[in-house]
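What the coordinates show
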Amino acid sequence: QLQLVESGGGLVQAGGSLRLSCVASEHTFSNYAMGWFRQAPGKEREFVASISINGEMTYYADSVKGRFTISRDNAENTVSLQMNSLKPEDTAVYYCAGRWGFALKTATSYAYWGQGTQVTVPS
């Protein structure tokens, strides 16, 4: 089973930046498409970004496009999310997730999940 551990969350003022990282336990990490999702209190888990197994294809939610960048380093079994120009509405628990195949945008299509890391942007 692919185990994922997120880190890098914190409290950042609006306009600031954070870089989230997710480390995978399996050395077959390069077989997995990866995604970042987030969930705010009382809200559904929503898609943020995803990346194909070789990093060639990336996808972003409209709400973060131009501000967030997803990347991966298969040699280090990591996927990252660089978040710039943060807004209060970005406040959520951020989860990394993995799946076999394409980098889809729906949370239910991902079989493996980290425990999440909190990102807080005060208004």
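The structure reproduced in this document is the subject of the present report. (Residues numbered from 1 in each chain as written. Predicted model: local features only at pLDDT ≥ 70, side-chain atom pairs only at ≥ 80, totals over all residues. Heavy atoms only, no water.)

Turning to the packing of aromatic side chains, a few remarks are in order. This structure, assessed with the given rule, holds seven aromatic pairs. With centroids separated by 5.8 Å and ring planes inclined at 75°, the aromatic side chains of F37 and F47 adopt a geometry described as edge-to-face. With a gap of ten residues between them, F37 in strand β4 (residues 32-39) and F47 in strand β5 (residues 46-51) connect regions that are remote in the sequence. Taken individually, F37 and F47 each receive the classification buried, so the pair is uniform in this respect. Taken together, a centroid distance of 5.1 Å and an interplanar angle of 70° make the contact between F37 and Y110 edge-to-face. Linking F37 in strand β4 with Y110 in the loop between β9 (92-100) and β10 (112-113), this pair joins segments that are 73 residues apart in sequence. Each member of the pair F37 and Y110 is classed as buried. Counting every residue linked through ring pairs, the aromatic cluster contains F37, F47, Y95, Y110 and W113. (Phe/Tyr/Trp six-rings, centres within 6.5 Å; stacked < 30°, edge-to-face > 60°. Helix = DSSP H or I, 4+ residues; strand = E, 2+ residues; numbered from the N terminus. Buried < 20%, exposed > 50% of the residue type's maximum accessible area, 1.4 Å probe, protein only.)

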